[in-house]
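Chain residues, written in single-letter form:
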Number of protein chains: 2
Amino acid sequence: MNEFIVSHNELKERCIRKFMDAGVPEKDANIATDVLVHANLRGVDSHGTMRMEHYIKKLTAGGIHATPTIQVRETGPVTSVVDGDDGLGHIVAYRAMEEAIDLAKTKGVGMVGAVNSSHCGALSYFVEMAAENRLIGMVMCNTDSGVVPFGGRSSFFGTNPIAYGFPAKRNPPVILDMATSTVAFGKVMDYSQRGKQIPAEWAVDAEGRSTTDPDKVRYMNHFGGAKGFGMAFVVDVFSSILMGAAFGPHVKGMYGADYAQPRKLAQFFCAVNPSYFTETDRFLEQMDQLIDELHTAEPAEGFSRVLVPGEPEMMQKEKRLVEGIPLPEAVYRFLFD
Amino acid sequence: MNEFIVSHNELKERCIRKFMDAGVPEKDANIATDVLVHANLRGVDSHGTMRMEHYIKKLTAGGIHATPTIQVRETGPVTSVVDGDDGLGHIVAYRAMEEAIDLAKTKGVGMVGAVNSSHCGALSYFVEMAAENRLIGMVMCNTDSGVVPFGGRSSFFGTNPIAYGFPAKRNPPVILDMATSTVAFGKVMDYSQRGKQIPAEWAVDAEGRSTTDPDKVRYMNHFGGAKGFGMAFVVDVFSSILMGAAFGPHVKGMYGADYAQPRKLAQFFCAVNPSYFTETDRFLEQMDQLIDELHTAEPAEGFSRVLVPGEPEMMQKEKRLVEGIPLPEAVYRFLFD
């Protein structure tokens with residue numbers, strides 16, 4: 001498969017143009033693009049511009065509204081529900097996180113549910129927004145079914161990611177953004193293409209049995225057995241049932257569905273202001289101390305250093321800002337031809 | 001090793017007496033005992049009455065205050081910091097969760113940090129308090145170092161548990177209470193006694209290398225590789241750095257330390273009121289639907305049913321309420337002789 005290297009600025013320009021051609025206002029096109037290219041820069045290409053074709057199809061067919069009327073309903077001193085009016089999930093999530101940040105700044109905590117949303121890209125973007133405001137960010141979102149519950153043989157929950165962002169003073173924020181599945185399905189496809197066996201704990205075949213043959217994979221497993229399944233359960237409740245939205249196997253799929261149908265996804269956003277618990281300066285300095293002490297911890301064989309969550313992605317970002325972002329041919333053709 | 005079976009009521013009576021003999025007021029002795037026997041009933045004996053000897057030693061030596069002046073400082077509309085005055089952690093945690101519940105009932109969310117606390121027993125108890133009030137509960141607490149960070153060779157974080165409680169309407173609440181280590185160290189000791197090998201991912205030896213020999217285990221691993229390490233990081237920040245308390249390797253150990261020294265632990269408590277996001281009835285009914293659908297999901301080979309988080313412990317509780325609680329001889333002698 002051919003790859004094309006483009007700079008993040010070229011890539012942004014093309015995505016903004018595509019969004020605007022599909023009727024998205026310039027401001028929203030900029031935000032959605034920033035979320036997508038953020039993922040590409042961090043090496044999380046599965047959540048980057050490879051999804052553009054999907055978004056444009058949905059926008060064109062009406063399953064995503066290009067000019068939604070997003071409404072924020074404050075339901076209590078620190079809680080809100082954001083109705084996304086079936087707009088781009090990136091825009092709905094951005095608005096919801098802004099609201100959570102505003103609440104946390106003035107009241108210590110902000111907890112915001114988004115409804116009538118759609119695929120919002122990488123959660124890391126939104127927890128980073130909180131961390132840039134010297135707040136802790138926490139975001140959860142369920143996804144369509146594809147992962148086997150612990151003790152089960154066919155899929156129930158999705159890859160259900162959860163993300164946290166923590167600010168520091170000298171160090172960049174610590175960003176943990178992880179699926180509650182073992183790995184992304186894309187990694188299985190990658191092993192298949194290379195003719196390699198996958199680790200036995202990654203996935204199951206059509207009979208629900210663990211398999212090391214990537215071509216026999218039917219569903220993924222949750223990471224860490226019953227504990228990862230537990231975390232996926234937590235994500236589904238916070239990000240959908242809490243807002244009265246569809247959960248588990250009832251979540252509408254991203255692909256193969258009617259592009260004119262909105263997915264009606266829900267998402268959960270929270271920001272916490274450390275100054276309501278301790279002095280912000282002390283918090284930020286202790287975060288630095290924690291990061292520094294992990295960095296100087298003695299590494300295991302085969303590791304050069306202990307890294308904090310999100311650090312491999314941050315290193316990838318530094319590289320790609322300079323060297324550019326590799327795009328598969330199909331994605332390149334869609335955006336640049 | 002001999003085991004002695006006692007009823008939960010006998011066990012409670014003896015613990016209350018022991019606490020009161022050490023100067024703990026009757027009301028507090030009842031609460032702390034209830035937390036401990038709750039763990040024994042659920043089969044989580046590591047967090048039950050086997051810890052009594054430790055608490056009594058600390059109470060006697062002054063490292064835990066028998067009659068603390070616990071102070072609740074409200075810091076914002078939904079946030080408080082509870083200063084436990086080095087009292088029994090169970091009492092401090094109970095007070096902190098009460099405060100979080102009160103805030104969530106009237107304002108949608110309650111977020112409470114406890115400082116100057118001590119070992120508080122099983123977190124499941126406190127998230128269940130929230131669930132019994134038709135609220136979501138979330139509790140985190142760091143523990144003294146003993147687990148190797150991902151990519152490291154010696155211990156940094158502790159077993160850092162995190163717990164969630166979710167209410168339902170027809171079903172009992174779903175209680176997820178999990179360490180972010182692979183398993184408890186007690187399980188390694190158990191394998192050693194039985195002369196069995198442990199799975200390679202559980203733990204490392206003195207050189208930081210994975211080992212299957214339970215007698216060579218020096219430190220535990222986090223569950224699920226980098227992801228479980230990430231969750232342990234989250235727990236340490238929320239439960240200690242957020243309150244300006246000691247983190248990671250700086251947390252005072254439970255054993256082998258000066259019993260006259262308070263441990264100055266911190267803990268994090270949160271309650272969320274679903275009625276601020278959707279209708280409570282709809283929330284509770286969807287929780288039931290989620291639980292029911294998981295129960296009727298097709299089980300994998302070797303499993304009779306898919307269970308929801310905390311269900312094995314709930315089944316153990318039903319059994320032990322009837323059949324009694326097995327105590328190791330040393331624990332029995334300490335409490336009953």
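About the criteria used
- Residues numbered from 1 in each chain as written.
- Chains lettered and ligands numbered in written order.
- Predicted model: local features only at pLDDT ≥ 70, side-chain atom pairs only at ≥ 80, totals over all residues.
- Heavy atoms only, no water.
- UniProt positions renumbered as here; feature names shortened; annotations may be inferred.
- Helix = DSSP H or I, 4+ residues; strand = E, 2+ residues; numbered from the N terminus.
- Expected span 1.5 Å × (residues − 1).
- Buried < 20%, exposed > 50% of the residue type's maximum accessible area, 1.4 Å probe, protein only.
- Contact = heavy atoms within 4.5 Å.
- Polar contact = N/O pair within 3.5 Å; in protein donor to acceptor, adjacent residues only side chain to side chain.
- Least-squares fit on C-alpha atoms with pLDDT ≥ 70 in both.
- Lys, Arg positive; Asp, Glu negative; His and termini not counted.
- Salt bridge = Lys/Arg side-chain N within 4 Å of Asp/Glu carboxyl O.
- Phe/Tyr/Trp six-rings, centres within 6.5 Å; stacked < 30°, edge-to-face > 60°.
- Buried area = accessible area lost by both parts, 1.4 Å probe.
- Nonpolar A, V, L, I, M, F, W, Y, C, P; charged D, E, K, R; others polar.
- pLDDT = per-residue confidence, 0-100.

In the annotation of an unreviewed UniProt entry, the entry for chain A reads Ureidoglycolate dehydrogenase, and the organism field reads Paenibacillus albus. Checking UniProt for chain A, the heading Sequence similarities (unreviewed entry) contains the comment "Belongs to the LDH2/MDH2 oxidoreductase family."

**Q** Teacher, can you tell me more about the environment of Val174 of chain A here?
**A** For Val174 of chain A, the location among the structural elements is in strand S8 (residues 174-178). Linking Val174 of chain A and Met314 of chain A, residues 140 residues apart in sequence, is a C-alpha distance of 9.5 Å.

**Q** I tried to follow helix H2 (residues 26-41) of chain A on my own but got confused; where do I start?
**A** Each α-helix winds once per 3.6 residues, and so residues spaced three or four apart point in a common direction. All names here are of chain A. In this model, H2 (16 residues) spans 22 Å end to end at C-alpha, consistent with the 22 Å of a helix rising 1.5 Å per residue. The buried fraction of H2 is high, at 12 of 16 residues. Listing the buried residues of H2 in full gives Asp28, Ala29, Ile31, Ala32, Thr33, Val35, Leu36, Val37, His38, Ala39, Asn40 and Leu41. Those residues of H2 that are buried are in contact with helix H1 (8-21), helix H3 (52-61), helix H4 (89-107), helix H5 (124-132), helix H9 (311-323) and strand S12 (325-328). One or two residues past the end of H2 sits Gly43, with phi positive at roughly 85°.

**Q** What should I look at first to understand the environment of Ser80 of chain A in this one?
**A** Within the secondary structure, Ser80 of chain A sits in strand S3 (residues 79-83). Among the residues examined, Ser80 of chain A registers a relative accessible area of 0% and is labelled buried. In the structure, Ser80 of chain A is positioned 76 residues away from Phe4 of chain A in sequence and 43 Å away in space, judged by C-alpha atoms. In this view, Ser80 of chain A contacts Val72, Arg73, Glu74, Thr75, Glu99, Leu103, Met111, Val112 and Gly113 of chain A together with Phe277 of chain B; residues no more than four positions away in its chain are not counted. Engagement of the side chain of Ser80 of chain A in a polar contact is seen with the side chain of Glu99 of chain A, the distance being 2.7 Å.

**Q** Whenever I open this one, the relation of the copies chain A and chain B confuses me. Can you help?
**A** Both copies of the chain are placed relative to one another by a rotation about an axis and a shift along it. Least-squares fitting of chain A to chain B yields an RMSD of 0.0 Å, with the transformation described by 0.0 Å of translation along the axis and a rotation of 180°. These values place the two chain copies in the arrangement generated by a two-fold rotation axis. Proximity to the rotation axis, assessed at the C-alpha, singles out Gly224 of chain A in chain A; its C-alpha lies 2.1 Å from the axis.

**Q** Got a minute to help me understand the side chain of Glu293 of chain B in this structure?
**A** Locating Glu293 of chain B in the fold gives a position in helix H8 (residues 280-295). Buried within the structure, Glu293 of chain B lacks any salt-bridge partner; Arg170 of chain B is the closest side chain of opposite charge, at an N-O distance of 9.4 Å. One polar contact links Glu293 of chain B to His250 of chain A, side chain to side chain, over a distance of 2.8 Å. If we skip the residues at most four places from it in the chain, Glu293 of chain B touches Phe156, Phe247, Pro249 and His250 of chain A.

**Q** I tried to follow the pattern of salt bridges on my own but got confused; where do I start?
**A** Pairing between side chains becomes possible if they bear opposite charge and their charged atoms approach one another. This structure, assessed with the given rule, holds 32 salt bridges over all chains. Here Asp190 of chain A ties to Arg194 of chain A by a salt bridge, and the two come within 3.0 Å at their closest N and O atoms. Using a relative accessible area of 57% as the deciding quantity, one classes Arg194 of chain A as exposed. A salt bridge links Arg95 of chain B to Glu98 of chain B; the nearest nitrogen and oxygen atoms lie 3.4 Å apart. Pair noted here: Arg95 of chain B and Glu98 of chain B are both in helix H4 (residues 89-107), with a separation of 3 residues, about one helical turn. Residue classification places Glu98 of chain B among the partly exposed residues on the basis of a relative accessible area of 30%. Connected through shared salt-bridge partners, Lys169, Asp281 and Glu285 of chain A make up one network.

**Q** I'm lost on the packing of aromatic side chains in this one. Help?
**A** The description of an aromatic ring pair rests on the distance of the ring centres and on the angle between the ring planes. On inspection of all chains with the given rule, the structure shows 31 aromatic pairs over all chains. Where Phe233 of chain A meets Phe166 of chain B, the ring centres are 5.9 Å apart and the plane angle is 50°; that geometry is what we call tilted. With Phe233 of chain A in helix H7 (residues 226-239) and Phe166 of chain B in strand S7 (residues 162-166), the pair connects residues from two separate chains. A relative accessible area of 0% means that Phe233 of chain A is categorised as buried.

**Q** Mind showing me how you'd approach the interface of chain A and chain B here?
**A** Quoted interface sizes are often the accessible area lost when the parts come together. Opposite the 73 residues of chain A that make contact, chain B presents 73 residues. In total, about 6,500 Å² of surface goes out of reach between chain A and chain B, with carbon and sulfur atoms giving 74% of it. When the area that chain A buries against chain B is broken down by residue, the three leading residues are Lys227, Phe233 and Phe277 of chain A, summing to 12%. Glu301 of chain A is paired through a salt bridge with Arg209 of chain B; the nearest N and O atoms lie 2.6 Å apart. Linking chain A with chain B are 20 residue pairs in polar contact (both at pLDDT 80 or more), by the criterion used here. Looking at the side of chain A that touches chain B, the elements with two or more residues in it are S3, strand S4 (109-117), strand S5 (136-141), strand S7 (162-166), S8, H7, strand S11 (265-272) and helix H8 (280-295) of chain A. It is H7 of chain A that contributes the most residues to the side of chain A that touches chain B, 9 residues altogether. Of the residues contributing to the side of chain A that touches chain B, the split by class is 47 nonpolar, 18 polar and 8 charged.

**Q** Looking at this structure, how should I read the confidence of the model for chain A?
**A** If pLDDT is low for a region, its predicted coordinates should not be looked at in detail. With 100% of its residues at a pLDDT of at least 70, chain A reaches an overall mean of 96. Across the whole predicted complex the pTM is 0.97, and at the interface the ipTM reaches 0.97.

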